[in-house]
Amino acid sequence: MRQLQKIRQYQRLTVHYGFTPKLTTLGEVAEVALCSERHARTLLRQLSESGWLSWRAQAGRGHRATLHCLVTTSELSAPLMHACLEKGDYQSALQLADGDPASLHHIITPFLGGKWLKHQPTLRIPWYRPLTSLHPARHRRRAEQHIICAVHAGLTRYEPGQAQPVADLAHHWACSDDGLRWHFYLRSGAHWHNGQPLSDDDILSAVQQLLADPARNSGLLHIDAVTLVAPWCLAVYLHAPDALLAHRLAHPVCRLPHPRQPEVGAGPFAIARHHSHFLRLERQPWYFASHPLLHAIEFWRTGTVADKPAWITVGKGSAPQEAVTSTSGGFAWLMMNAGLPAPLAAWLRQTALALNQLCFGKREDLQIHTEILPGLRVPTLPAPSDIDLPPRLKLVCYNTPELRELAETWRLQLQPHGCELHIEWKDRDGWYAPDTLADADLLLGDHLATGMAAFALAEWFVYEPAWATALGEAGWEAAKQQLMQNSDSEAHFHAYLTPFFQHLLAEGRCTPLFHYRYRINALENVQDMVLTAGGWLDFTRAWLPPAAGL
């Protein structure tokens, strides 16, 4: 953008010369503006005609001229930022803000929410942090998981409000009587986002990549082989019966990117642009199912992690026209190393629960009375009134604002008892790195629920590495085998799951702390807000009323 370049060059002049008259030469101006002397002469004329500066040259070679910068760059950039945001050019607006989203915050609000841009319905969502890789993997965060489900299709998927998975790339499926062989009958005529026809060989290759990826395959290790037994018919062979395989394949981690171009998917939206501060998804014209009514969805970064909102707001203003809420089946939790002495573990657990009440008891966006399955509440466990604390304990904590607050409060409380709580903060990538949690005494983390609550809880147990610390590696592997042995039918699974977790809670192996309450405020035209199990707006259902004048 030529205007942006001109502002950048003027900004260099203001930094070098300030806002008082200064003697200089054309050569010096060219050096500061990073251009030739010929272009510097043109630039000075243009800036002078615009009223940005005055330039008074003196006749004669070698005489110095007077340069006086008259306006600040913020006065110049604000109108241009408005013009860029009006057109949806967030990247140029961000450049004008020197790459700082916080400095855009005060002017960006009117451009958020549901907007008609070039006669196309566009939803712009403010976000507080960069959105990381959108390739399916176990350690993606909640927003990334939701976007992955919008970009990539799977063999099956979850539909909001339905406990059972529904057809996606497989239009239906069947399981043998012994539960060891599944047939997935695939859709023909579908396309990737790049327009390339989606073949049954593509689906087979994508599934084989899923099964070979340690970051994605932990819940699928009972699959012996996958093959095409007929055109558009995928056969999956198991060495243990599993009535819940369709549920497992509906998880975001099992979405299937293009086997050779991993950013290309076959879901309802394609990635149009993805930068650290900006993400744009566009409706995929070749999508095989019902087409979304929104043309595009944009995430605009407007702040920092410290600005994380309690509620997600889609739009502008202060009072929502409509809000939808849900309480997550997932929860934040405390686990302890299996090697800690039982009295010490009991005292620390009781302390953590008291601090949880103190820190979050009055928070509207958190629910501290946890029930991880219907009727399964956290038991009250006895704790000694006095205990000798060790001089040092190590806490590994997943890096969210709530868990940071709890961990820091805990550290301060233990100090007067002569116990130093050493805290290591981990993001999703760091949390799942090998041996990250092995030597921790205490663990604070969270479980993100997707789909059916009971099944999501079992999947969390299978994938969460903290259980190896809480149960010991051998104990964790044995418990996972027990879960799989009771997955031969949905009836057996549900009958086994509640006592399975009841036993873990009664032993204090895991202590749930709080559920997240999700709320999405719609403030600018957004209609049909339906929340997914992960607390996000279902992008495929939302729509905007006609723009004024249409």
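Conventions used here
- Residues numbered from 1 in each chain as written.
- Predicted model: local features only at pLDDT ≥ 70, side-chain atom pairs only at ≥ 80, totals over all residues.
- Heavy atoms only, no water.
- Salt bridge = Lys/Arg side-chain N within 4 Å of Asp/Glu carboxyl O.
- Buried < 20%, exposed > 50% of the residue type's maximum accessible area, 1.4 Å probe, protein only.
- Helix = DSSP H or I, 4+ residues; strand = E, 2+ residues; numbered from the N terminus.
- Pairing = 2+ DSSP bridges.
- UniProt positions renumbered as here; feature names shortened; annotations may be inferred.
- Core = buried A, V, L, I, M, F, W, Y, C linked by side-chain atoms within 4.5 Å.
- Contact = heavy atoms within 4.5 Å.
- Phe/Tyr/Trp six-rings, centres within 6.5 Å; stacked < 30°, edge-to-face > 60°.
- Axes fitted to C-alpha atoms, helices over the stretch in contact; angles between N-to-C directions.
- Parallel < 35°, antiparallel > 145°, perpendicular 65-115°, else oblique.
- Left-handed = near helix turned anticlockwise from the far one by under 90°.
- Nonpolar A, V, L, I, M, F, W, Y, C, P; charged D, E, K, R; others polar.
- Expected span 1.5 Å × (residues − 1).
- Arc of directions from axis to C-beta.
- Lys, Arg positive; Asp, Glu negative; His and termini not counted.
- Polar contact = N/O pair within 3.5 Å; in protein donor to acceptor, adjacent residues only side chain to side chain.

Draft legend 1. Up close: the pattern of salt bridges. This structure, assessed with the given rule, holds 21 salt bridges. Residue Glu 424 pairs with Lys 426 through a salt bridge whose shortest N-O separation is 3.8 Å. A relative accessible area of 23% places Glu 424 in the partly exposed class. Residue Lys 426 is classed as partly exposed on the basis of its relative accessible area of 22%. Three or more residues joined by partner-sharing salt bridges are found here, namely Arg 157, Glu 159, Asp 168, Asp 538 and Arg 541.

Draft legend 2. How the structure looks around the pairing of strand S23 (residues 442-447). Taken across its 6 residues, S23 has 6 buried, putting it largely inside the fold. Residues Leu 442, Leu 444 and Asp 446 of S23 are buried on one face, and the alternating residues Leu 443, Gly 445 and His 447, pointing to the opposite face, are buried as well. Where strand S17 (residues 331-336) lies against S23, 6 bridges are found, and the strand directions are antiparallel. Bridging across to S23, Met 336 finds its partner in Leu 442.

Draft legend 3. Quick look at the UniProt feature "domain: Solute-binding protein family" (unreviewed entry) in the chain. The residues that UniProt annotates with the feature "domain: Solute-binding protein family" (unreviewed entry) are residues 165-299. As a span, residues 165-299 carries 13% helix and 33% strand, and end to end its C-alpha atoms are 28 Å apart.

Draft legend 4. Highlighting unusual backbone geometry. Backbone geometry places Lys 118, a non-glycine residue, at a positive phi of 55 degrees. Mapped onto the secondary structure, Lys 118 falls in the loop between strand S4 (113-117) and strand S5 (120-127). Residue class for Lys 118 comes out exposed when judged on its relative accessible area of 72%. Positive phi outside glycine occurs at Asp 435, with the angle close to 65 degrees.

Draft legend 5. Quick peek at the nonpolar core. Leu 155, Phe 184, Phe 461, Trp 467 and Phe 501 are the most contacted members of the largest nonpolar core, which has 100 residues in total. For Trp 467, the contacting residues outside a window of four places in its chain are Met 335, Trp 460, Phe 461, Gly 472, Trp 476, Phe 501, Leu 504, Arg 509 and Cys 510.

Draft legend 6. Inspection of the packing of aromatic side chains at higher detail. The final tally for this structure, using the stated rule, is 24 aromatic pairs. Ring geometry for Trp 173 and Phe 184: centres 6.3 Å apart, planes at 40 degrees, overall tilted. One end of the pair, Trp 173, is in strand S8 (residues 170-175); the other, Phe 184, is in strand S9 (residues 181-186), with 11 residues separating them in the sequence. The class of Phe 184 is buried, set by a relative accessible area of 0%.

Draft legend 7. Expanded view of the sheet that holds S5. Here we have 5 strands laid out as an open sheet, ordered S4-S5-S14-S13-S12, and mixed in their pairing. What marks the edges here is a single partner per strand, and that holds for S4 and strand S12 (269-275). Neighbouring strand axes in the sheet, compared pairwise and without regard to direction, differ in orientation by 20 degrees on average. Bridge analysis of S12 against strand S13 (residues 278-283) gives 6 bridges, and the strand direction is antiparallel. Paired with His 275 across the strands is Phe 278, a residue of S13.

Draft legend 8. Examining the packing of helix H10 (residues 342-360) against helix H11 (residues 401-414) more closely. The N-to-C vectors of H10 and H11 enclose an angle of 125 degrees; their axes lie 10 Å apart at closest approach. When the axis of H10 is compared with that of H11, the two are oblique. As for the relative orientation of H10 and H11, their crossing is right-handed in sense. Within the contact between the two elements, H10 uses Trp 347, Leu 348, Thr 351, Ala 352, Leu 355, Asn 356, Cys 359 and Phe 360 and H11 uses Glu 402, Glu 405, Leu 406, Thr 409, Trp 410, Gln 413 and Leu 414. Classifying every residue of the contact of H10 with H11 by side-chain character gives 9 nonpolar, 4 polar and 2 charged.

Draft legend 9. Fine view of helix H15 (residues 473-485). Its 13 residues give H15 an end-to-end C-alpha distance of 19 Å, which sits within 8% of 18 Å, the value for a rise of 1.5 Å per residue. Every buried residue of H15 is listed here: Trp 476, Ala 479, Lys 480, Leu 483 and Met 484. Down the axis, H15 shows its buried residues gathered within 145 degrees of arc, on one side only. Away from the buried face of H15 by more than 90 degrees, exposed residues Ala 474 and Gln 485 are located.

Draft legend 10. Representation of the sheet that holds strand S11 (residues 233-238) in the model. One open sheet holds the 4 strands; their spatial order is S8-S9-S11-S10, and the pairing between them is antiparallel. Edge positions in the open sheet fall to S8 and strand S10 (223-230), since each of these has one partner strand only. This sheet shows a mean twist of 20 degrees between the axes of neighbouring strands, independent of strand direction. With 5 bridges joining them, S8 and S9 adopt antiparallel strand pairing. Directly across from Ala 170, in S9, lies its bridge partner Leu 186.

Draft legend 11. Helix H7 (residues 142-151), seen in detail. The element H7 is largely enclosed, with a buried count of 8 among its 10 residues. Looking only at H7, the buried set comprises Ala 143, Glu 144, Gln 145, His 146, Ile 147, Ile 148, Ala 150 and Val 151. Each element contacted by the buried residues of H7 is listed here: S5, S12, S13 and strand S14 (296-301).

Draft legend 12. Region of interest: the side chain of Arg 349. Within the secondary structure layout, Arg 349 lies in helix H10. For the buried Arg 349, no salt bridge is present, and the opposite-charge side chain at shortest range is Glu 507, 9.3 Å distant. A distance of 3.5 Å separates a polar atom in the side chain of Arg 349 from the backbone oxygen of Gly 508. Discounting chain neighbours no more than four positions away, the residues touching Arg 349 are Leu 334, Met 336, Leu 381, Glu 507, Gly 508 and Thr 511.

Draft legend 13. Focus on the pairing of S10. Here S10 runs beside S11; their pairing, made up of 6 bridges, is antiparallel. Along S11, the bridge assignment pairs Leu 228 with Leu 234. Connecting the antiparallel pair S10 and S11 is a turn made up of 2 residues, with Trp 232 showing a positive phi of about 65 degrees.

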